[in-house]
Amino acid sequence: MSKKSTISHIPVGNGDMTLMKIASNNIYHYVLVDMHIRQNGESDEDKCDALAALHDLLEKDDEGRPYVDVLILTHPDEDHIRGFRENFHQGSPDDYVVSRDGENDKIFVREIWSSPLIFRRKSKNNSLCKDAIAFRDEAKRRVELYKTEKKIGKQGDRIRLIGEDEDGKTDDILDIVYQNEDVIDTLNEVYINELSATVLGPLASEEFEDDTSPDKNRSSIIIQWGLASHGYTSPSNYILLAGDAGVEVWDVLWGKYKNNTEILQYDILLAPHHCSWHTLSHDSFSDTDNPQVSADAKSALNEARKGAVIVSSSNEIKNDKSDPPNYQAMNEYESITDGADGTFQCLSDYKPSNGKTPEVLTYKLTNSGPQEETKTSEESSSTAKKAARTAATGTLFTGAGNAIGHG
Amino acid sequence: MDNKQPEVFPSIQTAIEQIANYSSVKRVKDVSVEQYTVTVETEWGVKLPNMFRKQGISGTGVREVETVYWCFPLDYPQSAPSPRLRPDFTTNLPHINPHTPGELVYPCISESSLVDLLHSMGLSALLDAASQWLNNAAADELHCPVQGWEHMRRDNTKGLINADTHAIRTDLETSTDIVKFYNYRYYRLESSDDLLMGELVTPSLGTSNTVLKKKYLGVDNNTSIRNAPSILLRTKDGRVFDEYQPETVHNFRSLRGFAKDLGLQHAFDARLRYILTISSPQSMQRQNKAPVEEFMVAFAVKRPFNLIGTESPWELLAYRVFFSLDNAEKIPDDSVVLPAQLIERTCPQLLQAVSGEKAEKPVNLSLLGCGSLGSKVALHLAKTGCYQFELVDNDYFGSHNNARHGLIVPNFSSLCFSKSQLLHRQLSSLNVGSRPIDKDIQSMGTKTGFSLNKKTDYVLDTTASLPVRYYLSHHCDSLSGRLIQSTLYGKSTMGVVALEGNSRSVRVDDIASFVNTLCIGSEPIKRAMYGGDGPQHNHFGEGCGSVTTIMNDMDISLMSAAISSRVNAHIKNRSDIPEGILHVGTIDHSSLDMVWTTYQIPPTLIIPKNNDFDWTVRVLGSVVKEIEELSNDKPMLENGGVIAGQVCHLSKTIYVNYLLDSPKGSMRTKDKFVLNVEGLAEDFESIHERTNGQITFLGTWHSHTSATPPSTIDKDSLKELQINYDLPIVMLTYTGGHIVRVEC
């Protein structure tokens, strides 16, 4: 059975964790965008075990390491990088040690994509959690290695920066910097025929009217992922992932692209900032009598293709004033999806097996756009799942069941 | 479930419950028991792509809820159940089994057989496969460029036509001619039109009408094989037909319509007129020839990506068209046209595809020796589709050869052909190119003998013949390819693959002498080569010349397969490294443990003979390297030791291939090395025993700390060594970065 590209949204409450599994040339390329993995011992039956779910989705390489081809941190807030320090390998690839039992080994990151925020000094607006510090240190290690070696290193030492540093710290490494409107077709130094990902952010501070030092939500990496079905080249799936990009960002993007709206189109939009009201409005939802939606921001987020899904990676959305997730923001998004015959899906509500725990929402990326994946018997059986995971492909009918010999 | 369950076998009842609980099944609507099957009708939820969810039906016509019928044979689980879909389910999709309109549609849900899947992973795997199939059908994902374009579903093919489809497709890539004529030969198995075996003869005759000649057409009186015309029409450049549809052609009108859809109607009509003019029954009768009943029209249709199982986007669709007995100038519109199945002929490309090998152009391999090992190696390599051969052997095949040879030669008429001829015949059945040369190998390059093709890439000697090795080493100056020698020892408990260095910088005789040294340290090698457990011989036939080795086919096949794999791996890697390569494999025939070791041997140092010493000294590259390292380890002290190796009296060659550590007590100073000989005699006694006397004492070596020529002391020492020793003595000096032979 041929491999199919998928996107999996792992339910982590108010946080983001998205894994794209891109099939090309008959192998999968794994792109993890953000993570929110609770610590060991924080078990909660009502919450999805994000780490286990991630390991279930990944393969191991020839050296027995679970790996991702690319890890993207949209911005260094804790709800986007939590769990990195404990669960991902940091340091030289040569120092990786596979555990004896092989269970939940640290995940090996072949290439990192980071915003230039890693170069920013600690400040009131730029305090980092422990996981973000670990990520920054790892990213810096890779940048320094690139500067020393003056060439792209081996897997595990590679890094790309999304956007230039405003203080000139990327001036001497522009070869590994993607700029806004660059179209990316390469992951971990492998050309992907099916990929055309357009960089939309982070935006430079001069693009904002007030031109102040940007906070982290202004500095999120924003990428429109164009993905063709395996073996094809014309994208038939558009996915917009924008971290916590706030209303000012969407205002600017609409100003830039209102005459070129294709660049903003999506079949799947991960509602920015966990369905926050501040993505759509400049007004405080709780402190303003009649908070208004920014017409520009909503227009920028309104480029839904037919059947589009807006996914809220958040806690359950209650009809109260909490934010994020915000009930009124959900209504705004639903007005968008209604107009496109689409749907709005909060991950905390995604329980297709009718259990208490939200489940991973996976879409196949097909010739006809995204298609929700059916749970197979293999996926619902834990032993079969283990067998499939250790097999290289992870596709159906491999790695589990009696061996079929040959004559 | 809606109705009361009819009586079904418990195993099927359990399966029905499993189906009812399957995640995609909304409900089991009905269970019907018939004479041979139990059919379970289900409502099946399909995940439509997001863009079609509101409408409830996909762009390909798949509904949000489909009826899926599971047909259980009564001997389930011995046999597998299979799914069916509603009769009006769209059939313009790939991966649907042959279908009759009005009947339930049978999707092809798995590449492996359903019964294998059932016995491998259980019923759930079949349910998963059906679910995946429907979801993929809804998303227009049944076609996958990685897997390939599904061949047109043709539910009613009549006739099997053998054709070199690879050659035809290659021709399509290189030529833009819209029409090509071919000879179409067929044989009717019965009077019915249905049973027919045929052949589309390649290469094509050409493109102009004149290539189709009357003299080639008609019925062969002896065999009743018909020689009929055929045209292949290819779609025009730049046009790609990316809509999948099952076969629609069933009569001449629909055939012509299909030609029109492909943009080929004009060429079709024009060429048809010519075919009728020269080969219609009426035309044939005018020439007093028995008429042929039919001719062939084939279309080459370009698809958006390669077809499944091929490396070409050209789909070949063949049709059998019948001449009209009433009208010489026309085929009636309602005349039956039968789709015919083109069977891919065995050819190198097919062999490559199936064996997972790839070669842009075939490797030219000259095989010396077509005996048991040679024939098996040749067949293994031939079946990769990557080789073409010259087969050199003048020995004849005898009945006893059937016990171990790669060929089975069954009858009187074939026995006593040369082995090279018989092997050539076998390779021809694979359509692998080969040239038999039933000449004495040692006549290679002579006027009365033969020459190998100048384009030979490799020469593989499998004769295990010492005279052949001698000839190749000492009297064959211009081998056209790199020489590989492969030999079995000890009833096939050991196999050797020796690859000469570039430009013969390391020769097979060097490597063979090195193999002898391996006996010193390896018991399995020693046992295989000189262990006294070597091959027994026996006579088959009259006369003492009919002696052969006693060894069974299994043992020789095990090692010959491994040797073939080694040879193939080398050639595939196309390593042009200057070093010689030696692979030595040993197998324990009781446990079947096989161990292979690889040695890389640097270029040999050749010290030519001269007027005073008529022996050529060949110092193996590994020995040269060791002397250099020992000399340079402490460059301010002279160092030295004992050299050993093999002596060939026939070629007057000395192979220096082994160094012994200098015994304890040897003295090293700035200007002197004194060898302590204590214990050396015992060492050589042991070496002689382990190598059957092949590796013997040759002399000594020592280094100079400065670049000075051999001294008087060196020469005197050499003279002393030569006294009372019946073999030539060699003394080597490492001086000024070089190894030189000390002369008296």
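Along every chain, residues carry numbers that run from 1 in the direction the sequence is written. As a convention, the first chain written is A and the first ligand written is 1, with the rest following in written order. Restriction of local features to residues with pLDDT of at least 70 applies here, the model being predicted, together with a cutoff of 80 or more for giving and counting side-chain atom pairs; totals for whole chains, interfaces and linings are based on all residues.

## Details of the overall build of chain B
Then, in step 1: Under the scheme used here, helices are H or I runs from DSSP no shorter than 4 residues and strands are E runs no shorter than 2 residues, and both carry numbers assigned from the N terminus. When you go through chain B residue by residue, the secondary structure sums to 17 helices and 31 strands.
Then, in step 2: The globule rule is 2.2 Å times the number of residues to the power 0.38, and the radius of gyration it is compared with is taken over C-alpha atoms. Taken over C-alpha atoms, the radius of gyration comes to 36 Å for chain B, far larger than the 27 Å a tight globule of 744 residues would show.
Then, in step 3: For chain B, the spread of C-alpha atoms along the principal axes amounts to about 105 × 75 × 55 Å.
Then, in step 4: Taken across its 744 residues, chain B has 42% of its residues classed as buried.
Then, in step 5: In chain B, 66% of the contacts between residues at least 6 apart in sequence involve partners at least 24 apart. Between the buried cut of 20 or more and the exposed cut of 12 or fewer other C-beta atoms within 10 Å of a residue's own C-beta lies the partly exposed class, and all C-beta atoms are placed from the backbone. Each residue gets a C-beta atom placed from its backbone, and two residues are in contact if those atoms lie within 7 Å.

## Some details on the overall build of chain A
Then, in step 1: Counting its regular elements, chain A contains ten helices and 19 strands.
Then, in step 2: Of all 407 residues assigned to chain A, the portion counted as buried reaches 50%.
Then, in step 3: Taking the contacts inside chain A whose residues are at least 6 apart along the sequence as the reference set, 68% of them involve residues at least 24 apart.

## Some points on the interface of chain B and chain A
Then, in step 1: In this complex, chain B contributes 31 residues to the contact, which on the side of chain A involves 32 residues.
Then, in step 2: Where the side of chain B that touches chain A is concerned, the elements lending two or more residues are helix 2 (114-121) and helix 3 (123-138) of chain B.
Then, in step 3: Among the elements that make up the side of chain B that touches chain A, the one with the highest residue count is helix 3 of chain B (seven residues).
Then, in step 4: Three residue categories are used. Nonpolar comprises Ala, Val, Leu, Ile, Met, Phe, Trp, Tyr, Cys and Pro, charged comprises Asp, Glu, Lys and Arg, and polar comprises the others, including Gly. For the side of chain B that touches chain A, the class distribution of residues is eleven nonpolar, 13 polar and seven charged.

## A few points about helix 15 (residues 621-633) of chain B
Then, in step 1: In a regular helix each residue adds 1.5 Å, so 13 residues correspond to 18 Å; helix 15 of chain B covers 18 Å between its end C-alpha atoms and thus fits that length.
Then, in step 2: Among the structural elements, strand 22 (593-601), strand 24 (616-619), strand 26 (653-660), strand 29 (696-703), strand 30 (730-735) and strand 31 (738-741) of chain B are those in contact with the buried residues of helix 15 of chain B. Each residue after the first adds 1.5 Å to the expected span of a helix.

## A word on the domain arrangement of chain B
All names here are of chain B.
Then, in step 1: When its domains are assigned, chain B resolves into domain 1 (10-138), domain 2 (160-345), domain 3 (360-601) and domain 4 (605-741).
Then, in step 2: Every contact between the two is made by 13 residues of domain 3 and, on the other side, 17 residues of domain 4.
Then, in step 3: Mapped by element, the contributors of at least two residues to the side of domain 3 that touches domain 4 are helix 11 (466-474), helix 12 (508-521) and helix 13 (523-530).
Then, in step 4: Partitioning the side of domain 3 that touches domain 4 into residue classes produces seven nonpolar, four polar and two charged. In this entry, domain limits derive from an automatic or database-based domain assignment.

## Re the packing of helix 2 of chain B against helix 3 of chain B
Residues and elements named next belong to chain B.
Then, in step 1: To get an axis, a line is fitted to the C-alpha atoms, and for a helix only the part in contact is used. The angle between two axes follows their N-to-C directions and goes from 0 to 180 degrees. It is the contact of helix 2 with helix 3, at a shortest axis distance of 6 Å, that shows an interaxial angle of 125°. Regarding the angle of helix 2 to helix 3, the classification is oblique. Of the residues in helix 3, those in contact with L114, L117, L118 and M121 of helix 2 are L123, S124, A125, L126 and A129.
Then, in step 2: Within the contact of helix 2 with helix 3, the residues separate by chemical class into eight nonpolar, one polar and no charged. Any angle from 65 to 115 degrees is called roughly perpendicular, while one under 35 is roughly parallel, one over 145 is roughly antiparallel, and all others are oblique.

## Examining helix 5 (residues 252-261) of chain B
All names here are of chain B.
Then, in step 1: Within helix 5 the residues assigned to the buried category are F252, L255, R256, F258 and A259. The buried residues of helix 5 all sit within an arc of 155° when viewed along its axis, so they share a single face.
Then, in step 2: Elements that come into contact with the buried residues of helix 5 comprise strand 9 (226-234), helix 6 (265-279), strand 10 (294-302), strand 11 (314-322) and strand 12 (337-344).
Then, in step 3: G263, located one to two residues past helix 5, shows a positive phi value of around 75°. Summarising the geometry, the arc corresponds to the directions from the helix axis toward the C-beta atoms.

## So, the sheet that holds strand 2 (residues 18-24) of chain A
Residues and elements named next belong to chain A.
Then, in step 1: We treat two strands as partners when DSSP finds at least two bridges between them. Pairing is mixed across the open sheet formed by nine strands, whose spatial order is 8-7-6-5-3-2-1-18-19. Of all the strands in the sheet, just strand 8 (177-178) and strand 19 (369-372) have a single pairing partner and so form its edges.
Then, in step 2: Sheet topology note: the strand 1 (residues 6-9)/strand 2 ladder contains four bridges and is antiparallel. Within strand 2, the position partnered with I7 by the bridge is M20.

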